[in-house]
Structures are given as structure tokens and as C-alpha cells.
Amino acid sequence: MNPHSEPRKPGTDNPSPASASPSSAAPTGPPEPPSPGARPGPPASADPTQAAAPTAAATPATPFIAPDPSAPSLSCNAYTPADPTPSRPSSDPADSRPRDTTAPDDPATEPPVTLRGPAELADALPYLMGFYPDDSIVMVALHGERARFGGRLRLGIPADTTQWPDVCDQLADCLITGARDRAARPVGILVFLCQEPSRGETGKDVKDRLRPLAQRLRTACGAQDVPVLEALCISNGRFWSYCCPDFRCCPAEGTPLFLPGTSVMAAAAAYAGMQVRGSLKEMEARLAPRTGPRADDQEQALDTAAATLMPRMLRPDGAPVVRRETLDLARAMIHRFRQDTPTGSNRARDACDDALITDREAADLILGLQDRGTRDRAAEWMDGPEAAPALRLWRALARRCAGGYVEHAAAPLTLAGWVCWSTADDPSARVALTRALTVDPGYIFAQMLHRALNEGLDPEPLRRCLREQRKEAESAADGPAAVPQEPHRPADRPGPPRPAAADRPRGPRGGTGPGTRTTGAAGKRRTGRDGDRSRR
């Protein structure tokens, strides 16, 4: 592939030896977690892609690799005819390494989107990720003779430059080895370094400062015999190429990016209904905890609520009562949020949502959701008209977990990630689940959803299970009329002998003695058993 070659007509081959020559491209950089199961992409796309979070590095100095939003199914056919052999998906459900499941192209039904040159590659990055990556290393694997887009990895650029060699080696191995294990060895890799200038810097200064990182990424990929076909630095509305030495096409002052919505990629994304959700920093800011005086007020409300909650939980019937009250309050909040839908920017809408819930209500919900059973019941609000207000509520609660209660945000953050994944918003789901695992790495529910999202699983089976759970809970809440009475025993199966008159409990007519309970069939109690949903 030669991204700097002259444009050619779609469908024609490029016989130039530089089209995919390993000798013309240096090793590449760290992988970005490939996106999970690809959803239908633009009609110009024929290759579903997936991204999974890489496994943690064995080097203690290596930072945590955050998962990233899924990307649309697109292909880049700027080289030669498509590879007809689909990649083999992993059969190990525990494997979370980057993967790419590609399918053969069908030009008759889905002509590929052709990207030529670094300008179109830089413009395509937000559509590949589903957001604008800030302060990030992004790597994209290319597969087949047409260099179809495959697995993606994203990692925040480490501030400590001494970590760069270890990070580059880990990411290159993660992306390339993961693809090789699935019989889909990449033919090349694209590297993007995205970072805005700090105070007193220019975009060119950022490009020069990150040049050693780009070179180390290229070297790490070259050591795996996979060339980096292009490495771009994107900063301050411009891009620079680390691979092209020709200043006629890649000037020293950089090349301006396309105006938003004016490229071929933007047209294909708009036709397919794809959405770029702003920058990564903006998405993370919607889940960040409060600061300043408002955080102090919320933390004080949490302290008061916790002091009241603990004695109640120690009572014999305290836990079921608290669970029921928490769910009733959450249901009332969802109804309140549904009745008042704000407009404007994301910041304005979040401010309106924060005004809809008091500090005491937020404290009661945050503490109540720490109970696993309550949280699982709250996860039932994940589709239909309840999904949008529930997502707004979980985000608002995550922002209220301030001060010493930051770890309590794992529950609302995981619920927010679940609702996003359930409603096909994989990028937002990844951001929320990443945040949940950041505040509490051992939170099991977030780990399970994160793994399922990375493996490209369909959320519908879990949604169906939650719907059934909800039906059972509603039927059990209908009262004693919905509970069957003691069944009649068959005539050929005598029951246990009745106690003598002296042994029978005495009390009012029709009553029972203290401590006795109604029993079901074969000596089983209809109430009081562990896991009996009728007691919830």
C-alpha cells in the first residue's frame, strides 16, 4: 500500500511494488482493542470488524489498556482485489485479545469504501472509533489484498516516556498475535497518534515530541514482520505523516483535516445512520464525579444516609425492606426523568438531570444499589421507553459518587454501560464499563459485561432473562391470590400422620400457633426458603 500514490480508479489494481512492500514501511505501534461484533455498517462496507480489550501486560510499569468503542464495518480497497478467505473466529470464549472476523466482499451488493492517501485515513478515524480519540494511540490492522480494516486498539499516550518501549511492544504483540491466532495475519498496520497541543505548543511541536513514540511503534511491529503502512500525528486540526518524506504532499506545517461532513467517509456514515459521539474526553466527563462545594454537600448526604441505613440493614427484615424502598425510589426517579426531557448540549442536559434529583434521593439510591439483588432488579430497565430515562439516572448517580464514595460509582456506571450496550450504543458502553473497572477493578458485573462486549456477544439472551425475571417478580407481587394453595395429595399416597389432639397447637379457631408456617408439598415450605422470590 502506498497511501501517497496518485489516485486511481476504483476496482483497478496497483502494480507498484511499493503497494504492500514490507521493506518500504517500518514496524508499527500499539494495538487498540478491536471492536466487538460489528453492527451493520454503511452500505459501502462489506467486512464486519471486531475489537476486544487486550490482556493486561506483565510489566508493572505498563498502564491499563482501556477498551474502546466499537467501529463501523468498513473496508479500504486501495491496494488489490479482496482476499476471499474469511478469518477464523476464536473458539475460546475466555480469549479477550484483539480479533477481527472478516467476511468475503460482495461487490455486487456492498461496494467497499475506498480510502486513498493519508488525508482520507485521518478523516476516517472518528468513524472507525465512533468518537474522536483524545490523547490516544490508535492502531488499526489491515487484512487481505484489499487491506480491509480489522482489529483496532486504543491506549492513552503515557505521560512517562520511559514507559513507551514496553507499551509499544505490548500493543504490537497484542494486535498482531491476536490476529495470527485466528488465521488472519495482518498485511499491515495503521498508526494514529492523537494529542492536542498544551499551552505554548503548536501542532508541529506535538508531532516532533511524539516522533520517538511513532518510531518505536513502527519498530515493534516490524519485529513481528508486519509493516506499518502509515503513521499519522493528528493535532490542532492538522495531520502529519511519519512515513512520507516528500514535503510536496506532506508539508512541514501539516495538512488541514477535511471540514466535518464533507468527505466520502462522512457521506457513507450519514447514509448508514452512524453517529460520532464527540470526543473521548467529553464522553468521560459525563460520568466524572462532582467537584467543589456540590461534591461536599453530596458526600455529607451520603454520610447521613449510610448512618441511617446500617441499623436498618441489621434488623431481621431490614434487607428486603431496603431493597423494596430502593427500587420504588428508582422507579419514581425514572418516571420523573421521563416526564422532563431536557434539550441542548450534553452538558446542559446533564445539568438539568442533576437538578431533577436531590442529594438525599441520590444518596439513598447509590447506597441501595450496592446490594447485588437490588442492582440486578434495576438492570431490568434496559429497553423500551424506560431505557433513556434509566440511562440518564445512572449517569446522574455516577456523577454524585464524590469524595470517599468514588468506588460506589461502580454500580451505576455498570448499569449505564449495560443500558448502552442493550440499546446498541457500544462506544458509550465501553466508556462506562471502562470507568466502572477503573474505580473498582474487581466489580464482577462490569467484568462480565466488558468481556461479553469484547467477545461480540449478543445482549438479547441476557435481556430475555431479565424480562423473565421481571415477570416472575411482578407475578409474585400480586399477593396471596397468585400463590397456589396447598395441593391435594393423591388418594394412593397417604400423608404424614396427624398429631394427637394434645399435641396440636392451641389458639383461635382457624389460627395457628406461634412459630408455625403453612407448608407445601412433601414437607417443603412455601415461604422461608433461600432464593424464594415470593419473599422479595
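These figures come from a predicted structure and were not determined experimentally.

S.K.: Even after reading the chapter, I still don't get the overall build of the protein chain, so can you show me in this structure?
M.R.: Along the backbone of the protein chain there are 15 helices and six strands. Per-residue burial for the protein chain yields a buried fraction of 48% across its 536 residues. When contacts within the protein chain are restricted to residue pairs at least 6 apart in sequence, long-range pairs at least 24 apart make up 76% of them. A total accessible area of about 25900 Å² is found for the protein chain, and carbon and sulfur atoms account for 54% of it.

S.K.: What is the right way to read the side chain of Arg395 from this model?
M.R.: If you trace the backbone, Arg395 turns up in helix 11 (residues 387–400). An unpaired buried charge is present at Arg395: no salt bridge exists, and Asp425, the closest side chain of opposite charge, is 5.0 Å distant.

S.K.: Hey, could you run me through the layout of surface pockets in this one?
M.R.: If you roll a probe as big as a water molecule over the atoms, it shows you where there is empty space left. There is about 450 Å³ of room inside the largest pocket. Around the largest pocket sit 21 residues that line it, and Ala122, Pro126, Tyr132, Ile234 and Leu257 are the ones nearest its centre. Going through the elements one at a time, helix 1 (117–129) and strand 4 (228–235) are the ones with two or more residues in the lining of the largest pocket. For the lining of the largest pocket, the element with the most residues is helix 1, which contributes five residues. Considered class by class, the residues forming the lining of the largest pocket number eleven nonpolar, six polar and four charged.

S.K.: Whenever I open this one, unusual backbone geometry confuses me. Can you help?
M.R.: Glycine aside, residues mostly have negative phi, and peptide bonds are mostly found in the trans state. Despite not being glycine, Asp135 has its phi angle at roughly 50 degrees, a positive value. Along the chain, Asp135 falls in the loop between helix 1 and strand 1 (136–143). A positive phi angle is found at Asp225, which is not glycine, with a value near 65 degrees. Secondary-structure assignment places Asp225 in the loop between helix 3 (203–222) and strand 4.

S.K.: What is the right way to read the sheet that holds strand 1 from this model?
M.R.: Sheet strands associate in pairs through backbone hydrogen bonding, adopting either a parallel or an antiparallel arrangement. Within the open sheet, the six strands sit side by side as 2-1-3-4-5-6. Their pairing is mixed. Because the sheet does not close on itself, it has two edges, and the strands there are strand 2 (148–156) and strand 6 (255–256). With four bridges joining them, strand 4 and strand 5 (residues 238–241) adopt antiparallel strand pairing. Each residue of the ladder has a partner; that of Cys233, found in strand 5, is Trp240. Of the strands in this sheet, strand 1, strand 3 (188–194), strand 4 and strand 5 touch helix 3, which is tilted by about 155 degrees from strand 4.

S.K.: Explanation requested: helix 13 (residues 426–439) in the structure shown.
M.R.: For an α-helix the count is 3.6 residues per turn, leaving residues at separations of three or four pointing the same way. Between its first and last C-alpha atoms helix 13 spans 20 Å; for 14 residues at 1.5 Å apiece the expected length is 20 Å, and the two agree. Summarising burial for helix 13: twelve of the 14 residues are buried, a large majority. All buried positions along helix 13 are accounted for by Asp426, Pro427, Ser428, Ala429, Arg430, Val431, Ala432, Leu433, Thr434, Ala436, Leu437 and Val439. Elements in contact with the buried residues of helix 13: helix 1, helix 5 (280–285), helix 11, helix 12 (410–422) and helix 14 (444–454).

S.K.: Please clarify how the side chain of Thr326 should be interpreted in this entry.
M.R.: Within the secondary structure, Thr326 is located in helix 7 (residues 318–339). Exposure remark for Thr326: the relative accessible area of 7% places this residue in the buried category. Only 2.8 Å separates the side chain of Thr326 from the backbone oxygen of Val322, close enough to count as a polar contact. For Thr326, the contacting residues outside a window of four places in its chain are Asp364, Leu365, Gly368, Leu369 and Thr374.

S.K.: Where do I start with the nonpolar core in this structure?
M.R.: Considering soluble globular proteins, one finds that nonpolar side chains tend to be buried as a cluster. One finds Phe192, Leu393, Trp394 and Leu397 to be the most contacted residues of the largest nonpolar core, which totals 85 residues. For this core, the element with the most residues is helix 12, which contributes nine residues. With near-sequence residues (within four places) excluded, Leu397 lies in contact with Ile357, Ala362, Leu365, Ile366, Leu369 and Pro412. Counting residues in each nonpolar core, the second largest holds 29 residues, with Leu175, Val191, Leu193 and Leu213 among its members.

S.K.: What should I look at first to understand the environment of Thr423 in this one?
M.R.: By the element assignment, Thr423 lies in the loop between helix 12 and helix 13. For the pair Thr423 and Gly384, spaced 39 residues apart in sequence, the C-alpha separation works out to 9.2 Å. Those residues within four positions of Thr423 in sequence are excluded, and the remaining contacts are Met382 and Ala387. Among the polar contacts made by the side chain of Thr423, one reaches the main-chain carbonyl oxygen of Cys420 at a distance of 3.2 Å.

S.K.: Before we go on, may I ask you to explain the packing of aromatic side chains in this structure?
M.R.: Aromatic rings in a pair are described by how distant their centres are and how their planes are angled relative to each other. This model, assessed by the stated rule, comprises one aromatic pair. Measuring from centroid to centroid gives 5.9 Å for Trp418 and Trp421, while their planes differ by 70 degrees, and the two rings are edge-to-face. Of this pair, Trp418 and Trp421 both sit in helix 12, three residues apart, which is roughly one turn of that helix. Comparing Trp418 with Trp421 shows no difference in burial state: the two are buried.

S.K.: Even after reading the chapter, I still don't get the pattern of salt bridges, so can you show me in this structure?
M.R.: Enumeration according to the criterion identifies 25 salt bridges in this entry. Where Asp208 meets Lys204, a salt bridge forms, and the shortest distance between an N and an O atom there is 3.2 Å. Linking Asp208 with Lys204, this pair stays in helix 3, spanning four residues, or about one helical turn. You can call Asp208 partly exposed: its relative accessible area is 34%. A salt bridge links Asp371 to Arg323, with the shortest nitrogen-to-oxygen separation between them at 3.2 Å. Note that Asp371 is positioned in the loop between helix 9 (359–368) and helix 10 (372–378) and Arg323 in helix 7, a separation of 48 residues in sequence. In this structure Arg323 comes out as buried when scored by relative accessible area, which is 18%. In this structure, a network of salt bridges that share partners links the residues Asp383, Glu460, Arg463, Arg464 and Arg467.

Conventions we followed
Residues numbered from 1 in each chain as written. Predicted model: local features only at pLDDT ≥ 70, side-chain atom pairs only at ≥ 80, totals over all residues. Heavy atoms only, no water. Helix = DSSP H or I, 4+ residues; strand = E, 2+ residues; numbered from the N terminus. Buried < 20%, exposed > 50% of the residue type's maximum accessible area, 1.4 Å probe, protein only. Contact = heavy atoms within 4.5 Å. Areas by Shrake-Rupley, 256 points an atom, 1.4 Å probe, with all protein chains shown as cover. Lys, Arg positive; Asp, Glu negative; His and termini not counted. Salt bridge = Lys/Arg side-chain N within 4 Å of Asp/Glu carboxyl O. 1 Å grid on protein atoms, 1.4 Å probe; cavity = no way out; pocket = protein on both sides within 12 Å on 5 of 7 lines; lining within 4 Å. Points joined across faces, edges and corners; volume = space filled by probe spheres on them. Nonpolar A, V, L, I, M, F, W, Y, C, P; charged D, E, K, R; others polar. Pairing = 2+ DSSP bridges. Axes fitted to C-alpha atoms, helices over the stretch in contact; angles between N-to-C directions. Expected span 1.5 Å × (residues − 1). Polar contact = N/O pair within 3.5 Å; in protein donor to acceptor, adjacent residues only side chain to side chain. Core = buried A, V, L, I, M, F, W, Y, C linked by side-chain atoms within 4.5 Å. Phe/Tyr/Trp six-rings, centres within 6.5 Å; stacked < 30°, edge-to-face > 60°.

Keep in mind these numbers describe shape, not what the thing actually does.
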